[in-house]
Amino acid sequence: MTGVKFQKFLGKAPKIAAELLPDTAGQIATNCKLYSGDLIPFPEPVVVSNHGLTGVTPQTLHGLRNPSTGNPTWLVWDTDVDIATPSGADDPDEQRFYYTGDGVPKVSNYALATSGSAPYPVDYYELGLPLPTQTPNASAASFTTKTTVSYARDAAGVVTLVTSTAHGLKNGAFVTVNGFTSVSGTYSQSGANITVTINNHGLSTGSQILLRFTSGDAADNVFTVDSVTNANTFVVVSTTSLTTSGNVDWDIGNLNGTSVEVTVVNDTTFTYSSPGFQVSTTSNTDGRIDLGGNTQARTYLYTWYTPWEEESIGSEPSEALFIKEGQIVTVSNLPTAAPSGKNFIRGIRLYRTLSSARDTEYLRLATLWFPISISRVQRTSNVSRVTTSQPHNLSVGGYFKIGSASVSSFNITGGEVTDVINEYTFEYDQTAANVADTAATGTVYHDVSENPGTTTARYWGDGSYNFTDDFAVASLLNALVTDDYDPPPDGLKGLVVYNNNILAGFVNNELYFSVPGQYHAWPVVYKRSIESTIIGLAVFSGYLLVLTENYPYLVSGNDPSVFSLTRVDARYPCLNKKSIANMGFGVMYSTHDGLAIYSTTTGPQLVTRLLYNSDTWNEALDPTTLIGTSYKDSYLAWHSAGGLVFERDEQVGGFFVDLDNAVVPTSTWYDPLTNALYFTYGTTGDVYQWDDLTQPSQTYEWKSKVIQTENPINIGVARVLADYSQFSTTWDAAATAWDATASTWDVNDEVTFKLWVDKTLVQTVQLNSSNMFRLPSGYLSDTFEVGVSGSVRIRSIRLAETPTDLRNV
């Protein structure tokens, strides 16, 4: 033997006999960072903050970003809570998050969670929306037949009617026009020319008209106006030549129509399409306008609505009205405020039925926000700024009213939003004196008319919570889609974000899914049941892994109504939900015989099968207590007796490093922005950071495999190359003057070296330099082990029989 060199250190593999370990693997590896192949100590955990929950042991830690400092603001629970943050769910500054495990499923954001003193979260809303409990009432006004004042028709066949009173119609309404029969006059025919006299006929050259001659010999026919003599006389040409005269009726019955669609010009004028003679505006009081179409049943319902665009299941519908389209309906018994409880409901959406050839569905009439209170006002250069106590739900161009303002100059009717500063603050133009930023009271009302700014304003909640439905049916485009928007079950756990912004969770052996992007809505029809109790969920590579107390299951797809659910036939039960970690290459978790992993490339595997067997795994730790997380490509975990770091190795499976049990975290949180890992421990309320390189080093321990030589030898000299702060001698000096070499010790940089011969510890040496040192003599053996402990970086350990041999190692 010329010598032995240990470098590129590896962790331990307890399943493998000490004599058969890879050359640089260890029997013992504790508190070692092996990222570079050197022995590097983990730094001591450092207290960075206090989360405020004292006297109990935290089970969940999560960080929000302080908007001012960028530092974590800590959320902490004494229960096992799962937190989900769907992408694009809201404004990033809001930091909205959803969570289960703390009572009913909840949603909160930075402002709510920190609206008080720590521990956080302080406030929240229940995730599911309550069912509406009121039933709307609806009453219809009868439609009064309207009488015409005049008519006209252009060359395109568009008829314009003017009524004697306001017609009350909306664009797209269907009406029946009748009462137009004929206009009487006289005629005189000489040859082929027929001169017709009808007062104020309004016709123009080229118009085609039907004339019926009630006396004389002229023949009824459809004629083309050949010329217009004056306002009362025009000429048509007959196909026969006669000399006759008498009375004539001009048939205007083609102005009538059944269920024609109207376009409103103003309160007393509308148009519709009816091909026929072209005529200018002509007085006529014979026409009658009634609503067209069939009498149909109509009902109304409402849904709860939040500023986060969450919408509930609909209320019970009103009693049916049997009316025609176009009749004005008053809807009453609508909510005037949010229901009791922890919810973010700030308004309702009102719907009505509309029958079609295929089905009857509910279409949205309006979104009706409840009045909101003012908290502050300010005005500069005729620009008024108002801050509300709750989200104002206004957009640029929106119309509103402010009443009862304590700073009276801010009262306004018909205000129009010119700028939205944020969800609580908006601006509008108002000519008045400047006002410094000041606290104020008052109420903001929303204009809920059909076309705010162009029709008479209706301010919801300003004296009335009744709704007048005179909206044009053509404007109703949005159907009710929340029929099955059930709230999540109260006992929901394991919340994760899956494909297409779908939230997933479970209760016992049942999987639940939200509507994509609608995190408050969990239709029961999406529920899936499996044979075993679910322990936890993990998302990876487009799949949802369902880990149970028996077999895993795999969910795939983007639509919860058609998800594929498949059992994975590898019996690797999950023993602790908190052991589940997405490692990038797969999902790792604690099972009976070691760490299991599921990946799309290899399927289910016991990733530690080459390192642990069932006996060694369960002897080393209680796998039911394992709390794991992914950290710098390693699986970092703690259990009831300490901790471990697992690094995967494609060739040998991987290696373990133990962590001592001085600190055993009960919850962890990884900050993806800073690549820092934080954890809680104990009941003091302290938050620790793991692996902060500015902190003092922990003490590591590493023991080699059993070294076996072909023949018995005496290892007489060793050297431990490490990053000591002092080097009292050089290697050359030590080699040439071995006996005379003296060391200058630095206790702060000591490394403890141990040598075992035939399984017996024969020497312990304290080192503070990389110089060689003597080992015991007077024995021969073929079985050796070495170990080191300390807190400085060790790059290699070298052993040899003589100093000369050591120089060549």
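Above this text you will find the structure in question.
Residues numbered from 1 in each chain as written. Predicted model: local features only at pLDDT ≥ 70, side-chain atom pairs only at ≥ 80, totals over all residues. Heavy atoms only, no water.

Caption draft 1: Structural view of the overall build of the protein chain. Each helix and strand counted, the protein chain has four helices and 65 strands in total. The 809 residues of the protein chain split such that 50% are buried. Long-range pairs, those at least 24 residues apart, make up 64% of the contacts in the protein chain with a sequence separation of at least 6. When the accessible surface of the protein chain is split by element, carbon and sulfur atoms take 46% of a total near 34,500 Å². Treating the 46 positive side-chain charges of the protein chain as one cloud and the 79 negative ones as another, the clouds have centres 3 Å apart. (Helix = DSSP H or I, 4+ residues; strand = E, 2+ residues; numbered from the N terminus. Buried < 20%, exposed > 50% of the residue type's maximum accessible area, 1.4 Å probe, protein only. Contact = heavy atoms within 4.5 Å. Areas by Shrake-Rupley, 256 points an atom, 1.4 Å probe, with all protein chains shown as cover. Lys, Arg positive; Asp, Glu negative; His and termini not counted. Charge placed at Lys NZ, Arg CZ, Asp CG, Glu CD.)

Caption draft 2: Just the side chain of serine 514, in detail. Among the structural elements, serine 514 can be located in the loop between β41 (510-513) and β42 (528-529). For serine 514, a relative accessible area of 0% corresponds to the buried category. Once residues lying within four places of it in the same chain are set aside, the contact partners of serine 514 are Ile502, Leu503, Tyr519, Ala521, Trp522, Tyr526 and Pro560.

Caption draft 3: A look at the pairing of strand β60 (residues 717-722). Within β60, six of the six residues are buried, leaving the element largely enclosed by the surrounding structure. In β60, alternate side chains face the same way, and those of Val717, Arg719 and Leu721 on one face and Ala718, Val720 and Ala722 on the other are all buried. As paired strands, β60 and strand β63 (residues 772-774) are joined by three bridges and run antiparallel to one another. For valine 717, the partnering residue across the bridge sits in β63 and is arginine 774. Two strands pair when backbone bridges link them, and β60 and strand β65 (residues 794-800) are joined in this way by six bridges, in the antiparallel orientation. Within β65, the residue paired with alanine 718 across the bridge is leucine 799. (Pairing = 2+ DSSP bridges.)

Caption draft 4: Spotlight on the sheet that holds strand β56 (residues 676-680). Read across the open sheet, the four strands follow the order β5-β57-β56-β55; overall the sheet is antiparallel. In this open sheet, the two strands that pair with only one neighbour each are β5 (46-50) and β55 (667-671). In this sheet, neighbouring strand axes are inclined to one another by 30° on average, regardless of whether the strands run parallel or antiparallel. Bridge count for β55 against β56 is five bridges, and the pairing is antiparallel. Residue pairing across strands places tryptophan 669 opposite tyrosine 678, the latter belonging to β56. (Axes fitted to C-alpha atoms, helices over the stretch in contact; angles between N-to-C directions.)

Caption draft 5: Representation of the pairing of strand β13 (residues 146-153). Burial within β13 is extensive, with six of its eight residues counted as buried. Two elements, β13 and strand β24 (residues 288-291), share two bridges in a ladder whose sense is antiparallel. Across the sheet, residue threonine 147 finds its bridge partner in β24, namely arginine 288. Judged from the five bridges that link them, β13 and strand β14 (residues 158-163) form a sheet pairing that is antiparallel. Looking at the pairing, arginine 153 lines up with valine 159 of β14. If you look at the hairpin formed by β13 and β14, you'll find four residues sitting between the two strands, and glycine 157 has a positive phi there, around 85°.

Caption draft 6: Main features of the nonpolar core. The biggest cluster of nonpolar side chains holds 44 residues, and the ones touching the most others in it are Val720, Phe753, Val788, Ile794, Ile797 and Leu799. Examining the composition of this core, we find that four residues originate from one element, strand β61 (residues 751-757), more than from any other. Apart from residues lying up to four places away in sequence, valine 720 is in contact with Val751, Phe753, Leu767, Ser769, Ser770, Phe773, Val788, Ile794, Ser796 and Ile797. Counting 34 residues, the second largest nonpolar core, distinct from the first, contains Phe180, Phe234, Val236 and Ile289. (Core = buried A, V, L, I, M, F, W, Y, C linked by side-chain atoms within 4.5 Å.)

Caption draft 7: View of the packing of aromatic side chains. Summed over all chains, the structure comprises 38 aromatic pairs. On the basis of an interplanar angle of 50° and a centroid distance of 6.3 Å, the ring pair of tyrosine 779 and phenylalanine 784 is categorised as tilted. Classification of phenylalanine 784 as buried rests on a relative accessible area of 0%. One aromatic cluster is present, built from ring pairs that chain together Phe42, Trp638, Phe679, Tyr681, Tyr688 and Trp690. Above the plane of the ring of phenylalanine 143 lies lysine 146, whose end atom (NZ or CZ) is 5.5 Å from the centre. The ring centre of phenylalanine 277 lies 4.3 Å from the NZ or CZ of arginine 153, which sits over that ring. (Phe/Tyr/Trp six-rings, centres within 6.5 Å; stacked < 30°, edge-to-face > 60°. Lys NZ or Arg CZ within 6 Å of the ring centre and 35° of its normal.)

Caption draft 8: Broad picture of the environment of glycine 654. Relative to the assigned elements, glycine 654 resides in strand β54 (residues 653-659). Residues glycine 654 and histidine 62, spaced 592 residues apart in sequence, show a C-alpha to C-alpha distance of 30 Å.

Caption draft 9: Looking closely at the sheet that holds strand β26 (residues 300-305). The strand order across the open sheet built from three strands is β26-β29-β30, with neighbouring strands paired in antiparallel fashion. Since the sheet does not close on itself, it has two edges, and those belong to β26 and β30 (360-369), each with one partner. Each strand of the sheet is rotated relative to its neighbour by a mean of 30°, with strand direction disregarded.

Caption draft 10: Main features of the environment of tyrosine 272. In this fold, tyrosine 272 is placed in strand β22 (residues 269-273). Residue tyrosine 272 is classed as buried on the basis of its relative accessible area, which comes to 2%. C-alpha of tyrosine 272 to C-alpha of tyrosine 459: the two residues are 187 residues apart in sequence and 32 Å apart in space. With residues up to four places along the chain from it excluded, the contact list for tyrosine 272 reads Gly157, Val158, Val159, Leu161, Val177, Leu255, Val260 and Glu261. At 2.4 Å, the side chain of tyrosine 272 forms a polar contact with the backbone oxygen of leucine 255. (Polar contact = N/O pair within 3.5 Å; in protein donor to acceptor, adjacent residues only side chain to side chain.)

Bear in mind that shape data such as this cannot, by itself, settle questions of function.
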